[in-house]
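Residues per chain, in single letters:
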Amino acid sequence: MTLGIVAALHEEIADLLAEMAPGAHVEHIGMRDYYVGKLHGHDCVIVLARIGKVAAAATTTALIHRFDVRELVFTGVAGGLAHGLAVGDVVIADTLTQHDMDASPLFPRYEIPLLGRASFNAESALRDALAQAARDWLAEELHEQVSAEWRAQWQMAAPRVHVGQIASGDRFVSSANEVTLLRGHLPQALAVEMEGAAVAQVCHEYGIPFAVMRTLSDAADDTAHVDFPRFLREVASHYSHGILRRFLRSRPAHPPSHPPSRP
């Protein structure tokens, strides 16, 4: 069984790619490089989707059709929406919705036309395994991987793992006014980002189990852009690598699989 690992930004998968490098090969499809190899005993395909729902959907479809991926995990950063969340917390998606989907009055707001649903559920076993890996990594490895200086700078005293709704849209949410509006329309949403719900829709349509993990880099407000590149490099990259490494190691390894033959 092949697992797809996807991110929107290079830093979120760079360490995983370095770990897979020995013996891996690369296939270039649709302006993306798909790294095919083995990681902690699992057949994996790792790819940089780039930013936005269309990019994520196109990448997910290629993973399913070309590489016969049977499970998929998306990792990256997000802005926090719900009160009480903090920078450095991890949000694991339970459900995902597209906050910019509005085909009303033909369809209810947020509902995907002709699918009859406004949200998509992450696969429970993948979701729970990812959440446990995140809890273990925060408890046992965070202090080794992220320096005290960086933890202090972002006031990461005791990061926590939250499981709940993630909202996705093709807009970088970066103002307090936008946050207030999203909270009013989607009161259950914990975090906001730009890819997860598109991945969820494609996986739903193809019957592929998936999970989405997000590290909170900000509160999606007027300070959302401040020091984002540095947070990505010094904090979020360690989260993605460390948590996914624990996730993979916690799962039974599968024997090597042969790539699907294509005409």
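In this text, all values refer to a predicted model and were calculated from it rather than measured experimentally. (Residues numbered from 1 in each chain as written. Predicted model: local features only at pLDDT ≥ 70, side-chain atom pairs only at ≥ 80, totals over all residues. Heavy atoms only, no water.)

**Concerning the packing of helix 2 (residues 53-67) against helix 7 (residues 196-206)**
Relative to each other, helix 2 and helix 7 sit at 35 degrees, their axes nearing to 8 Å. The handedness of the crossing between helix 2 and helix 7 comes out as right-handed. Side by side, helix 2 and helix 7 meet where Lys53, Ala56, Ala57, Thr60, Thr61, Ile64 and His65 of the first sit next to Ala198, Val199, Val202, Cys203 and Tyr206 of the second. The class makeup of the residues in the contact of helix 2 with helix 7 is 8 nonpolar, 3 polar and 1 charged. (Axes fitted to C-alpha atoms, helices over the stretch in contact; angles between N-to-C directions. Helix = DSSP H or I, 4+ residues; strand = E, 2+ residues; numbered from the N terminus. Left-handed = near helix turned anticlockwise from the far one by under 90°. Contact = heavy atoms within 4.5 Å. Nonpolar A, V, L, I, M, F, W, Y, C, P; charged D, E, K, R; others polar.)

**A look at the pattern of salt bridges**
Summed over the entire model, instances satisfying the criterion amount to 15 salt bridges. With a closest N to O distance of 2.8 Å, lysine 53 and aspartate 100 form a salt bridge. Of this pair, lysine 53 sits in helix 2 while aspartate 100 sits in the loop between strand 6 (90-98) and strand 7 (119-121), placing them 47 residues apart in sequence. The class for lysine 53 is buried, based on a relative accessible area of 11%. Put simply, aspartate 128 and arginine 127 hold a salt bridge, and the shortest N to O gap is 2.8 Å. Several salt bridges converge on common partners, so that one network encompasses Glu140, Glu141, Arg245 and Arg246. (Salt bridge = Lys/Arg side-chain N within 4 Å of Asp/Glu carboxyl O. Buried < 20%, exposed > 50% of the residue type's maximum accessible area, 1.4 Å probe, protein only.)

**Thoughts on the pairing of strand 10 (residues 210-218)**
A regular strand places its side chains so that they alternate between the two faces of the sheet. Of all 9 residues in strand 10, 9 are buried, a share of seventy percent or more. Of the pairings in the sheet, the one linking strand 5 (residues 71-80) to strand 10 comprises 8 bridges and is parallel in character. Within the sheet, the bridge partner assigned to glycine 76 lies in strand 10 and is arginine 214. Note: strand 6 against strand 10, 3 bridges, orientation antiparallel. (Pairing = 2+ DSSP bridges.)

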